[in-house]
Amino acid sequence: MEVENTQVLYGSNLCLDTEEKLIDYLARLKSKRVDPISEKSQAFQEFTKLLYHAKQIIAGLYQHDEEEKGGDKVWTAERITPSDVEKVICSGIPINKMGNLKKMSASILAKHFSQKRFSRQRITNILSHKLPVERFDLITLEFFIVSQEMEDDDPFNRYKHFLDEIQDILLRCGMGEIYIVNPYECFLLMCLLTDCPLAVFSEIWEKSYEEGEAEEA
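In this report, the structure presented in the accompanying data block is examined.

**Let's talk about the overall build of the protein**
Part 1: Scanning the protein from terminus to terminus reveals 9 helices and 2 strands.
Part 2: Taken from N to C terminus, the helices and strands of the protein fall in the order β-β-α-α-α-α-α-α-α-α-α.
Part 3: Out of the 217 residues belonging to the protein, those deemed buried represent 41%.
Part 4: Accessible surface for the protein amounts to roughly 12600 Å². Of this, 52% is attributable to carbon and sulfur atoms.

**Structural notes on helix 5 (residues 120-127)**
Part 1: For helix 5, the full list of buried residues reads Arg 120, Arg 122, Ile 123 and Ile 126. Projected down its long axis, helix 5 carries its buried residues within an arc of 165°, all on one side.
Part 2: The secondary structure elements touched by the buried residues of helix 5 are helix 2 (42-68), helix 3 (82-89) and helix 6 (135-149).
Part 3: After helix 5 finishes, the residue His 129 shows a positive phi value of roughly 65°.

**Thoughts on the packing of aromatic side chains**
Part 1: If you walk through the whole model with that rule in mind, you get 8 aromatic pairs.
Part 2: Between Tyr 62 and Trp 75 the ring centres are 4.8 Å apart and the planes differ by 80°, which places this aromatic pair in the edge-to-face class. One end of the pair, Tyr 62, is in helix 2; the other, Trp 75, is in the loop between helix 2 and helix 3, and 13 residues separate them in sequence.
Part 3: Judged by relative accessible area, Tyr 62 falls into the buried class, the value being 14%.
Part 4: The ring of Trp 75 has Arg 79 lying over it, and the distance from NZ or CZ to the ring centre is 5.4 Å.

**Let's talk about the nonpolar core**
Part 1: Counting 53 residues, the largest nonpolar core has Phe 47, Phe 118, Leu 138, Phe 162, Phe 201 and Trp 205 as the members making the most contacts within it.
Part 2: Mapped onto this core, the elements with two or more residues apiece are helix 2, helix 3, helix 5, helix 6, helix 7 (155-172), helix 8 (183-192) and helix 9 (197-216).
Part 3: With 10 residues, the top contributor of residues to this core is helix 2.
Part 4: Discounting residues that sit within four places of it in the chain, Trp 205 has contacts with Gly 92, Ile 93, Met 104, Ser 107, Leu 109, Phe 113, Lys 116, Arg 117 and Phe 187.

**Thoughts on helix 2**
Part 1: The end-to-end C-alpha separation of helix 2 is 39 Å, in line with the 39 Å expected for 27 residues at 1.5 Å each.
Part 2: The positive-phi residue at the C-terminal boundary of helix 2 is Gly 70, with phi of around 80°.

**Let's talk about empty space enclosed by the protein**
Part 1: Across all of its chains, the model carries 1 cavity of 30 Å³ or more by this definition.
Part 2: Of the volumes computed, that of the largest cavity is approximately 40 Å³.
Part 3: Lining the largest cavity, in full, are Ile 89, Cys 90, Ile 93, Lys 116, Arg 117, Phe 118, Phe 136, Thr 140, Tyr 184, Phe 201 and Trp 205.
Part 4: Within the residue set of the lining of the largest cavity, elements represented by two or more residues are helix 6 and helix 9.
Part 5: The class makeup of the residues in the lining of the largest cavity is 8 nonpolar, 1 polar and 2 charged.

**Quick notes on the environment of Glu 149**
Part 1: Mapped onto the secondary structure, Glu 149 falls in helix 6.
Part 2: Those residues in contact with Glu 149, other than ones at most four positions away along the chain, are His 53 and Ile 57.
Part 3: Side chain to side chain, Glu 149 and His 53 meet in a polar contact 2.6 Å long.

**Comments concerning the packing of helix 6 against helix 8**
Part 1: With their axes 11 Å apart at the nearest point, helix 6 and helix 8 run at an angle of 5° to one another. By the angle class used here, helix 6 and helix 8 are roughly parallel. Each of Arg 135, Phe 136, Ile 139, Thr 140, Phe 143 and Val 146 in helix 6 lies in contact with helix 8, whose residues at this interface are Tyr 184, Glu 185, Leu 188, Cys 191 and Leu 192.
Part 2: Among the residues making up the contact of helix 6 with helix 8, the classes are represented as 8 nonpolar, 1 polar and 2 charged.

**Focus: the pattern of salt bridges**
Part 1: A full pass over the atoms with the stated rule returns 7 salt bridges.
Part 2: Glu 86 is the salt-bridge partner of Arg 120, the closest N and O atoms lying 2.9 Å from each other. Of this pair, Arg 120 sits in helix 5 while Glu 86 is found in helix 3, placing the two residues 34 residues apart along the sequence. Across the pair, exposure class does not vary: Arg 120 and Glu 86 are buried alike.
Part 3: Here the salt bridges share partners, and the residues they tie into one network are Arg 122, Glu 134 and Asp 137.

Cut-offs applied
- Residues numbered from 1 in each chain as written.
- Predicted model: local features only at pLDDT ≥ 70, side-chain atom pairs only at ≥ 80, totals over all residues.
- Heavy atoms only, no water.
- Helix = DSSP H or I, 4+ residues; strand = E, 2+ residues; numbered from the N terminus.
- Buried < 20%, exposed > 50% of the residue type's maximum accessible area, 1.4 Å probe, protein only.
- Areas by Shrake-Rupley, 256 points an atom, 1.4 Å probe, with all protein chains shown as cover.
- Arc of directions from axis to C-beta.
- Contact = heavy atoms within 4.5 Å.
- Phe/Tyr/Trp six-rings, centres within 6.5 Å; stacked < 30°, edge-to-face > 60°.
- Lys NZ or Arg CZ within 6 Å of the ring centre and 35° of its normal.
- Core = buried A, V, L, I, M, F, W, Y, C linked by side-chain atoms within 4.5 Å.
- Expected span 1.5 Å × (residues − 1).
- 1 Å grid on protein atoms, 1.4 Å probe; cavity = no way out; pocket = protein on both sides within 12 Å on 5 of 7 lines; lining within 4 Å.
- Points joined across faces, edges and corners; volume = space filled by probe spheres on them.
- Nonpolar A, V, L, I, M, F, W, Y, C, P; charged D, E, K, R; others polar.
- Polar contact = N/O pair within 3.5 Å; in protein donor to acceptor, adjacent residues only side chain to side chain.
- Axes fitted to C-alpha atoms, helices over the stretch in contact; angles between N-to-C directions.
- Parallel < 35°, antiparallel > 145°, perpendicular 65-115°, else oblique.
- Salt bridge = Lys/Arg side-chain N within 4 Å of Asp/Glu carboxyl O.

Laid out in structure tokens, this is it:
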């Protein structure tokens, strides 16, 4: 029986509803790698390594703010929570009265990015092995790290460094290389070529919700 290209494939803890997810799944089968939901998987190990690196950067930002206001609190990576990570990386996404990120459907980017948001719930679910690590998670974390550590570098050097780093990470995880026609991945690459990657990333997210609300009005 022939499966139509619009059909979604479901299984136990598996939903292959995009070409990207299907390619990643087939790559893992081919390489016989451990399921990325497992703590032993290369994808999970890469995720925790990148997440810790991101937390170190955020702790440094918090420490700088603490010293500027004359406080004596000491910030370390261990004190940074998934909520802190969400607050910094998703700063452009407005929150609702419950303190959660507004629904993806409220953004005009929804149809292009398909749930590509690094929320605290997603981070927590990955760390507790309720969700598998996807390429989106690794790419987003690496983008954040490079955007901060190479903020003052030449944009092209920053772009090239990001590609070198993330391609190696994806290869180790049995995932396909950066897919330039993927809207989200293309978006991050474009942000890296600007003077302030994270600021541009946040501003576009913020603007997407403002325009989404304007369309509903």
